[in-house]
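# Summary of structural features
One letter stands for each residue in the lines below.
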Amino acid sequence: MRITSTMAETRGLYSAAPVGLVPTLGFLHEGHVALLEAARAECGTVAMTVFVNPLQFNETSDLARYPRNLERDVELASAAGVDIVFAPAVDEMFPLPIATEVSVAPLAQRMEGVHRPGHFAGVATVVVKLLAGLRPDRAYFGKKDAQQLAIIRRMVLDLSIPTTIVPHPTVRERDGLALSSRNVFLSESDRVSALALSRGLMAMSDAAEAGERSARALEEIVLDTMAAAAGVRVEYVELASARDVARLDVVDEHCFLAVAARVGEVRLIDNVHLEVTPDGVAADRGILLDRPSVLYSQADDV
Ligand code: PAF
């Protein structure tokens, strides 16, 4: 496996098609590893990026605090069969103050967009830059960032970018908590409270699969579960179209019910994708780990 710092050097190392790209902010967990394994199974060359993109952090303190551990990221990537880790410096990605911004505004204004102004423009801009500079055939993104996934899919369609976007189910800890690099900042008691998000979403999924289609009723299930948990401050609970992130009143063909909440000092998001099939509604609850996450073996390093 090779570690690179420029896009040209990275492209020069592609050995077999198709080329699969897994963009990350680093501090890998099993959610990233699942993306890497999916890419490995489908691609001749697998490249991963590790870049803490300053454009997408709307709070400077969040950027400074974001956990980093390139050495471990490289170890995990190597074990997952990655060929190239592209880990550029900020100056390499942005040699000049960036003058171009990619905005997918209609999909970015609701939910996360309300609470993290400018976040999605920062994500879209860096993802376009990575896709343009690294030119992968396929790029892999987790369904945990449901709004981000919808935005990237729409951007790739609108701009005719010749990369196939491949979504992957959310990976959860054994007790249901969705994996996030930020989980390492949860105190022991906040970690327990944080389970209310996934518990609410699982109860909501059961109700949806049993025939409940009303957004309000499904959102209430999640809200009630979170209201019962100590120290959970809900930011939003909403059913949205997976196509255009529009608010839905009833479960539609492809949609997701998403939640954001602050638990202690940590902001968490989670969701379940719902799909209407000929047999009824199917919920993608994600994949449960059968062991503690690798995140906690890195927690001492943050
Ligand atoms: O989902 C993430 O980790 C980031 O938003 C991404 C896609 C790597 C862009 O910086």
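Everything in this summary refers to the structure shown in the same document. A quick note: this is a predicted structure, and the numbers were derived from the prediction, not measured. (Residues numbered from 1 in each chain as written. Predicted model: local features only at pLDDT ≥ 70, side-chain atom pairs only at ≥ 80, totals over all residues. Heavy atoms only, no water.)

## Quick word on the sheet that holds strand S9 (residues 254-263)
Across the sheet, which stays open at both edges, the four strands sit in the order S8-S9-S10-S11 with antiparallel pairing between neighbours. The open sheet has two edge strands with one neighbour each: strand S8 (232-241) and strand S11 (280-284). Averaged over neighbouring strand pairs, the angle between their axes works out to 20 degrees when direction is ignored. Pairing between strand S10 (residues 266-277) and S11: five bridges, direction antiparallel. Paired with His273 across the strands is Asp284, a residue of S11. Against the sheet, helix H10 (residues 188-209) makes contact with S8, S9, S10 and S11, and its axis sits at roughly 10 degrees relative to S10, the strand it touches most. (Pairing = 2+ DSSP bridges. Helix = DSSP H or I, 4+ residues; strand = E, 2+ residues; numbered from the N terminus. Axes fitted to C-alpha atoms, helices over the stretch in contact; angles between N-to-C directions. Contact = heavy atoms within 4.5 Å.)

## Describing the site of the ligand
The ligand sits among Pro23, Thr24, Leu25, Gln56, Val123, Val126, Phe141, Asp145 and Gln148. Take Gln148: an N or O atom from its side chain is 2.8 Å from an oxygen atom of the ligand. Protein chains bury 89% of the 290 Å² of accessible surface belonging to the ligand in isolation. Those elements giving two or more residues to the shell around the ligand turn out to be strand S2 (19-24) and helix H8 (119-134). Classifying every residue of the shell around the ligand gives five nonpolar, three polar and one charged. (Near = heavy atom within 4 Å. Polar contact = N/O pair within 3.5 Å; in protein donor to acceptor, adjacent residues only side chain to side chain. Areas by Shrake-Rupley, 256 points an atom, 1.4 Å probe, with all protein chains shown as cover. Nonpolar A, V, L, I, M, F, W, Y, C, P; charged D, E, K, R; others polar.)

## Some thoughts on the packing of H10 against helix H11 (residues 215-227)
What describes two packed helices is the angle between their axes and the distance between those same axes. Interaxial distance between H10 and H11 falls to 8 Å at its minimum, and their mutual angle equals 150 degrees. When the axes of H10 and H11 are compared, the pair comes out roughly antiparallel. The way H10 lies across H11 gives a crossing that is right-handed. Note on element contacts: H11 touches H10 through Leu218, Ile221, Val222, Thr225 and Met226, opposite Ala196, Leu197, Arg199, Gly200, Leu201, Ala203, Met204, Ala207 and Ala208. (Parallel < 35°, antiparallel > 145°, perpendicular 65-115°, else oblique. Left-handed = near helix turned anticlockwise from the far one by under 90°.)

## Digging into the pairing of strand S5 (residues 138-142)
Of the pairings in the sheet, the one linking S2 to S5 comprises two bridges and is parallel in character. Looking across to S5, one finds that Gly20 is bridged to Arg138. Taken together, the five bridges between S5 and strand S6 (residues 164-168) define a ladder with parallel strand orientation. Looking at S6, one finds that Phe141 is bridged to Pro167.

## Concerning the nonpolar core
Counting residues in hydrophobic clusters, the biggest one holds 41 residues, and the most contacted among them are Met93, Val127, Ile152, Met155 and Phe256. Those elements giving two or more residues to this core turn out to be strand S4 (84-86), helix H6 (105-108), H8, S5, helix H9 (146-158), S8 and S9. Non-local contacts of Val127, meaning those with residues more than four positions away in its chain, are made with Phe141, Ile152 and Met155. Leu186, Ala208, Val251 and Val281 belong to the second largest nonpolar core, which has 31 residues in total. (Core = buried A, V, L, I, M, F, W, Y, C linked by side-chain atoms within 4.5 Å. Buried < 20%, exposed > 50% of the residue type's maximum accessible area, 1.4 Å probe, protein only.)

## Considerations on the sheet that holds strand S1 (residues 2-4)
Within the open sheet, the six strands sit side by side as S1-S4-S3-S2-S5-S6. Their pairing is parallel. Two strands bound the open sheet, and with one partner strand each, they are S1 and S6. In this sheet, neighbouring strand axes are inclined to one another by 25 degrees on average, regardless of whether the strands run parallel or antiparallel. Relative to S4, strand S3 (residues 45-50) is paired through three bridges, and the arrangement is parallel. Within S4, the residue paired with Met48 across the bridge is Val85. Against the sheet, helix H2 (residues 30-42) touches S2, S3, S5 and S6, its axis set at about 155 degrees to S5.

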